[in-house]
Amino acid sequence: MSSSKLSWVEKHKPATLDEIVGNDAAKKDFIDWLQKWDERGKAAMLHGPPGVGKTILVEVAASTLGFRLIETNASETRKAEYLENVIKPAAFNRSLFSSRMMIFFDEVDGISGDESGTVNFLLELIGSSRVPIVMAANDPWSPQLYKIRDKVYKIPMHRIRLPSIVKRLRDICRAENVRCRQEVLALIAERSEGDMRAAIEDLELLYSSHEDVKVEDAEKLLSYRNVEKNIFETLRMVAYATTLERASLALSSSEEKPENMLEWVFENIPQISSKQGLFQALRHVAEADMLFRQISKNSIWRLLPSFYNRLSSAFLTIPQKGRVNFAFPNRIRERFKRIQRERNIRELESFFMKELHVDRASFRRDVIPILRLLSKENDFRTSLLARLNDPRLKELYSSIIFGEESRRRPA
Amino acid sequence: MSVADLLWVEKYRPKTLDEVIDREEVVSRLKAFVRMGNVPNMLFVGPPGTGKTTAALALVNDLYQDSTGGRFLELNASDERGINTIREIVKDFARSRPSTGVPFKILILDESDNMTQDAQQALRRIMERYASVTRFILLANYQWGIIEPIQSRCAVFRFPPLSPTHIREGLIRVLEKEGVKWTEDAVDEIVKAARGDMRKAINIAQSAAGGSKKVTLESILQVVGILHPKEIREMINEALKGDFILAKKRLSKLLYDDGLSANDILREMNTELMSAEMDERKRLQVVNALGEANFRVSMGADAEIQISTVLAALATDSQK
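These remarks concern the structure in this document. For clarity, every value in this text was computed on a predicted model and none was experimentally measured.

Calculation notes
- Residues numbered from 1 in each chain as written.
- Chains lettered and ligands numbered in written order.
- Predicted model: local features only at pLDDT ≥ 70, side-chain atom pairs only at ≥ 80, totals over all residues.
- Heavy atoms only, no water.
- Helix = DSSP H or I, 4+ residues; strand = E, 2+ residues; numbered from the N terminus.
- Contact = heavy atoms within 4.5 Å.
- Axes fitted to C-alpha atoms, helices over the stretch in contact; angles between N-to-C directions.
- Parallel < 35°, antiparallel > 145°, perpendicular 65-115°, else oblique.
- Left-handed = near helix turned anticlockwise from the far one by under 90°.
- Nonpolar A, V, L, I, M, F, W, Y, C, P; charged D, E, K, R; others polar.
- Buried area = accessible area lost by both parts, 1.4 Å probe.
- Salt bridge = Lys/Arg side-chain N within 4 Å of Asp/Glu carboxyl O.
- Buried < 20%, exposed > 50% of the residue type's maximum accessible area, 1.4 Å probe, protein only.
- Lys, Arg positive; Asp, Glu negative; His and termini not counted.
- Phe/Tyr/Trp six-rings, centres within 6.5 Å; stacked < 30°, edge-to-face > 60°.
- Lys NZ or Arg CZ within 6 Å of the ring centre and 35° of its normal.

Describing the environment of B:Val26
Residue and element names in this part refer to chain B.
1) Next: As for its position among the elements, Val26 is in helix H2 (residues 24–36).
2) Next: Remark: the alpha-carbon pair of Val26 and Ala55, spanning 29 residues in sequence, is separated by 8.6 Å.
3) Next: With sequence-adjacent residues up to four places away left out, Val26 is seen in contact with Phe157, Arg158 and Phe159.

A few points about the packing of helix H13 (residues 262–275) of chain B against helix H15 (residues 303–315) of chain B
Residue and element names in this part refer to chain B.
1) Next: Two numbers describe how H13 lies on H15: the axes approach to 11 Å, and their chain directions differ by 15°. Judged by the angle between their axes, H13 and H15 are roughly parallel. Relative to H15, H13 is oriented so that their crossing is left-handed. Residue-level contacts link Ala262, Ile265, Leu266, Met269 and Leu273 of H13 to Ala303, Ile307, Val310, Leu311 and Leu314 of H15.
2) Next: For the contact of H13 with H15, the class distribution of residues is 10 nonpolar, no polar and no charged.

Some thoughts on the interface of chain A and chain B
Often, the extent of an interface is quoted as the loss of accessible area upon association of its parts.
1) Next: The partner chain B presents 62 residues to the 50 residues of chain A that form the contact.
2) Next: Buried surface at the junction of chain A and chain B, summed over both partners, amounts to about 5,200 Å²; 58% is from carbon and sulfur atoms.
3) Next: Counting every contact that joins chain A to chain B gives five salt bridges.
4) Next: Between B:Asp5 and A:Arg387 there is a salt bridge whose closest N-O contact spans 2.9 Å.

Remarks on the side chain of B:Lys248
1) Next: Position of B:Lys248 relative to the elements: it lies in helix H12 (residues 244–257).
2) Next: Here B:Lys248 occupies a buried position and makes no salt bridge, while the nearest side chain of opposite charge, B:Glu304, is found at 4.2 Å.
3) Next: The residues contacting B:Lys248, other than those within four sequence positions of it, are A:Phe266, B:Glu304, B:Ser308 and B:Leu311.

Observations concerning the packing of aromatic side chains
1) Next: For the structure on display, the rule yields 12 aromatic pairs over all chains.
2) Next: Between the aromatic rings of B:Phe44 and B:Phe157, the centroid separation amounts to 5.5 Å while the plane-to-plane angle is 80°, which identifies the pairing as edge-to-face. Of this pair, B:Phe44 sits in strand E1 (residues 42–45) while B:Phe157 sits in strand E5 (residues 155–158), and the two are 113 residues apart along the sequence.
3) Next: An aromatic cluster of at least three residues, connected via ring pairs, comprises A:Phe292, A:Trp301, A:Phe307 and A:Tyr308.
4) Next: When the ring centre of A:Phe67 is taken as origin, the NZ or CZ atom of A:Arg100, which lies over that ring, is 4.2 Å away.
5) Next: Directly above the aromatic system of A:Phe266 lies the positively charged group of B:Lys248, at a separation of 4.7 Å from the ring centroid.

Here it is, written out as structure tokens:
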């Protein structure tokens, strides 16, 4: 489900080459290469860490120089029929189109090792294309690319300098009409480690409510995000993966604990799934949940890959995903509170089980609701409290019987 | 003063075997044991509210007369720290053998069918080893939850749901002792809602009476509505309308704020799903999902995740 509101990263995308911050040498080099295309080979590869503007440079350069851009992301790149029916005609039948074309393969290091078909296709293209081929990769040295990397013109891109990030953030704040403190912008920039996209995402996280944020609060909010950053990246990879292998690999190589991974998937599947796909997807999640209980209970960790496969399947059954905004799982946030509450109920339960000769199930099913009803009467409540001579019991009784009663019926 | 005398169920729990109603066969056999001054190991089987605990406590009372203190112990099999606790307790029993009167002590083990197979095997050895000093009364909902070797070492007593006549009789006895006025239709409604569960009948009556000295049909219906939460029906309806997110929110409220057990939610859902309006093919799918969820929750899976799949099944159009 795509969100109706554009993210700030999308909304404030540079439209001209001048608006792209940093990497001036790479910009110049790339434009130069494009203008004299075929002198230095048919294909170029922009490489560098995430969020430094590889994709945006290609997009803006294409529109500036009047190329029609055929853009493919990692998952489309792997579909044979897409390559055959869309890319090939574009690369070899220039005459059919009036405008000049440029073919762009984003995230090429996302091709997995055994997808030799894709790699061979790219090699063929690099050898004989009639239009410029551009690729973007985080790591040109990744083993999948070993056949390709020597056949392309490599243009390195670097992390963005912090002052440039701060300046860009300030411009966005102005455009969004939010007031921001210099220290907060500096903090965001520093934490971004030169990743402009991450910096803007952090900015949006802090200021989307358009309220002033103190630097201490920003630190707290962003440190939370720090842990999350990895998992957002992982989930994005899983969501866009088209093969089970890729998706499972992404999940299992994350540093997040498996039980938390389950929470992330459970929380986010309903957000990205259509109503029709939801049942199938959740069944996989439920299966993964069951599997994980068995794995941890019986210590059969060799089954963990099956667990990740199930979680991956949940994503893979959802047809096509739009832009995905992943949310932090509520259940992780509430976990502590719930464990506490469960412990409280157990404690009160043990007391009443002895006093009333009831078993656990009956206590929850029959006794709690009845205590709630009867406790509305002042007399009953007073008499009961008088009989609970332990202050701890009084406290438990009040929190479990009334605390929840008041929440139980909102107006 | 204890909490027990605030709740009618406890206050009017039959103290002796003579006071127990609708269990003539069981009671006459138990009385025979008391007369002989000896009891075997026993297994009481039946659904909740059918008098298992009551019969066990009454037996203990009749057997030891006024000196029950220290002679028996009631334990929840699933609660205490497993079979080791039981072993320790029985060892303690053995050390302090009563010098006069009945020469053994009684251990009442509630929810025995919730013990694992391994724990039950261990329990069986304890039962044999300390047979001379301890008698066990195992309480269980399901007989087949108890391993064969234990069953064969126990006298088995069955506690089926009470008949409507007996529920009525027991209920009216309590109402009269409390000086509460009742209407016929109110009592009918309680008997109907209790479904053979005496404890439930009395609990409903007390909740409906509250601080007042009367129960009416209206107050009963209100209580029954709370015991069978409307919210479960609302949750199902929301899901049926396709609003999965809203239904799921309600589910977590029921589980975490209201503290309902997953089993209770699943049982109520099952009842609601049978009568809810939907395409039969869809009902089949939903009910299957419910069965799966039920199974997994009892195997230790997460209630919210598992029940969510049922809500998703409801939210999905049946055409597909």
